[in-house]
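A closer look at the structure
Below are the chains, spelled out letter by letter.
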Amino acid sequence: MPDLETRLRAERDRLDIDQPPLSIIAARAAALRRRRLAARAGLAGAAALTAVAVAGGALAALRGGDPPAPAVAASDPSGAWSAEGITIVGLPRLPRDLPGSVREAEFLDAGRGFLLTADCCTAWLSVTTDGGETWHTTPSPVAGLPTLVAGADAVTLLGAAPDYPRASTSDGEHWTSSALPPAPPATLTGASRLVPLGIGACGDTTGALAGPELAPVPQQPPITACWWSPVRAGDGSWWVGGRDASGRPAVAVSRDDGSHWSVSAFAGFPASAYARAAMLGRSVHVMVVSPPTEPATGPDRLLGVAQSTDGGATFGPVHPTGDQATIGGDLVPLLDGRLLIVDGLGHWLVSENGGVSWHRLEGLHATMRLARTEGGYIAYGMSTIYTAFSADGSTWQKLDAR
């Protein structure tokens, strides 16, 4: 009797339906089983991903849209998929099954990358020096479920308050640790990273993390901070986003290492709206977003985009985004002047006019979130099982991990 793969291939040929190989189907099923088990055990990351998927389905029903079909882009792990200059490069084999589920990723450059994976109560750090083709995995030196934060030349695993246990490394082998609460305010340095001293909610104190050293910034930004830039801008400035004292979406920038801050605010938006930014060279793009209400764990709504071409000294008008558009994570300014996002349904969207209008890219993997990191950008939840990295936002390489 023919084996199952042969029988399925014969049926696909007879019906002329292009379906993924059995190995891909098995990999997806295994990934889904792991996520169900993690959710039952209380893994916050898996629960959040499920909530986003539910929210995306609700928005699709309201807007008449459907999530993209993953079979178009995931049937061959070694393939490459392109749409309007955006390319996703596959792997020559199925990705390695690391312990736990991927929670966070950081790249310091095109070669050095770090993955934080976890189950309900244990975390692991995986390190690559070849752009994600191979990984070396060790238990996290910080107990519980830490946060992975990248500086200019090292990453830090940051535990929770009150003592913020933390450990920093540049190679995954040699660690510098600390378990002291935040120090008194100190001047930001080139190796620092802005972080919230709390859970990352609006109003948290703004801190600076340099290796294992953690301290509030010298002067707190004069806004209610809701977003902290994961990198410095090209001119060395530091950015936070949130709302000003009048409740308007606003961004604040410091050009003297946190001693003074300048604020730009944007009027005409609901009280729930706040601002965040994306930088490339002298261009700064401010996104005005509104957090979800029902369910509260869904994707943010993208209300509009404003652009500065002088490093954030002045901004043009906010271009409204129609149709209650959602956004999954960060906006990516591309080298050719376009803007790239994924929405709350997993679609890839680009704008050729600074956010005035957007159109969908067809044939790419459904992806849940894009995030800025020191060496480029991370794509999470790509076809549910992949994580990918891009140095420039145009070419995305799947990582040998899931």
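Calculation rules
- Residues numbered from 1 in each chain as written.
- Predicted model: local features only at pLDDT ≥ 70, side-chain atom pairs only at ≥ 80, totals over all residues.
- Heavy atoms only, no water.
- Helix = DSSP H or I, 4+ residues; strand = E, 2+ residues; numbered from the N terminus.
- Buried < 20%, exposed > 50% of the residue type's maximum accessible area, 1.4 Å probe, protein only.
- Contact = heavy atoms within 4.5 Å.
- Areas by Shrake-Rupley, 256 points an atom, 1.4 Å probe, with all protein chains shown as cover.
- Disulfide = S-S within 2.5 Å.
- Pairing = 2+ DSSP bridges.
- Axes fitted to C-alpha atoms, helices over the stretch in contact; angles between N-to-C directions.
- Phe/Tyr/Trp six-rings, centres within 6.5 Å; stacked < 30°, edge-to-face > 60°.
- Lys NZ or Arg CZ within 6 Å of the ring centre and 35° of its normal.
- Core = buried A, V, L, I, M, F, W, Y, C linked by side-chain atoms within 4.5 Å.
- pLDDT = per-residue confidence, 0-100.

Check the secondary structure of the protein chain and you find four helices and 30 strands. Taking all 402 residues of the protein chain together, 50% fall into the buried category. Expressed as a percentage of contacts within the protein chain between residues at least 6 apart in sequence, the contacts between residues at least 24 apart total 47%. For the protein chain, the exposed area adds up to about 17100 Å²; of that, 56% sits on carbon and sulfur atoms.

A complete count under the given rule lists one disulfide for this structure. Bridging Cys 202 to Cys 226, the disulfide has an S-S length of 2.0 Å. Judged by the sign of its S-S torsion, about 120°, the cystine formed by Cys 202 and Cys 226 is right-handed. Pair noted here: Cys 202 is in the loop between β11 (193-197) and β12 (205-210) and Cys 226 is in strand β14 (residues 224-228), with a separation of 24 residues, a long-range link. Owing to a relative accessible area of 39%, Cys 202 belongs among the partly exposed residues under this scheme. Residue Cys 226 is classed as buried on the basis of its relative accessible area, which comes to 10%.

Within the secondary structure, Phe 269 is located in the loop between β17 (262-265) and β18 (274-280). In this structure, Phe 269 is in contact with Pro 249, Val 288, Leu 303 and Val 318, ignoring residues within four places of it in sequence.

Moving on, we come to the sheet that holds strand β16 (residues 249-254). Spatial strand order, β14-β15-β16-β17: four strands in an open sheet with antiparallel pairing. The sheet terminates laterally at β14 and β17, the two strands that pair on one side only. Averaged over all neighbouring strand pairs, the angle between strand axes comes to 30°, with direction disregarded. For strand β15 (residues 238-243) and β16, the ladder comprises six bridges, and the chain directions are antiparallel. Its bridge partner lying in β16, Gly 241 is registered against Val 251.

Counting across every chain of the model gives three aromatic pairs. With 5.6 Å between their ring centres and 80° between their planes, Phe 266 and Phe 315 make a pair best called edge-to-face. Within this pair, whereas Phe 266 is found in the loop between β17 and β18, its partner Phe 315 is found in the loop between β20 (300-308) and β21 (319-320), the two being separated by 49 residues in sequence. Exposure remark for Phe 266: the relative accessible area of 7% places this residue in the buried category. In this structure, Arg 369 is placed above the aromatic ring of Tyr 380, and the distance from its NZ or CZ to the ring centre is 4.2 Å. The ring of Tyr 377 carries Arg 372 above its face, with NZ or CZ at 4.9 Å from the centroid.

Counting buried residues along strand β29 (residues 386-390), five of its five residues qualify, which places the element largely inside the surrounding structure. Here β29 shows a buried face lined by Tyr 386, Ala 388 and Ser 390 and a second buried face lined by Thr 387 and Phe 389. Where strand β28 (residues 376-382) meets β29, four bridges bridge the pair, whose relative direction is antiparallel. Along β29, the bridge assignment pairs Ile 378 with Phe 389. Where β28 folds back onto β29 in an antiparallel hairpin, the turn is made up of three residues, including Ser 383, whose phi is positive at roughly 50°. Where β29 meets strand β30 (residues 395-398), two bridges bridge the pair, whose relative direction is antiparallel.

Counting 29 residues, the largest nonpolar core has Trp 239 and Phe 315 as its most contacted members. Among the secondary structure elements, those contributing two or more residues to this core are β14, β16, β18, β19 (283-290), β20 and β24 (339-342).

Attention now goes to the sheet that holds strand β10 (residues 176-178). Overall, antiparallel pairing links the four strands, which are arranged β7-β8-β9-β10 in an open sheet. For this open sheet the edge positions go to β7 (147-150) and β10, each flanked by a neighbour on one side alone. The sheet shows a mean angle of 20° between the axes of neighbouring strands, direction not considered. Across four bridges, the pairing between β7 and strand β8 (residues 155-158) is antiparallel. Across the sheet, the residue bridging to Val 149 is Thr 156, located in β8.

Averaged over all residues, the pLDDT of the protein chain equals 84, while 80% of them reach at least 70. Low pLDDT, under 50, characterises residues 31-64; the predicted model gives this stretch 38 contacts beyond four residues in sequence or across chains.

If you trace the backbone, Asp 392 turns up in the loop between β29 and β30. Other than its neighbours up to four places away in sequence, Asp 392 contacts Leu 334, Leu 335 and Tyr 377.

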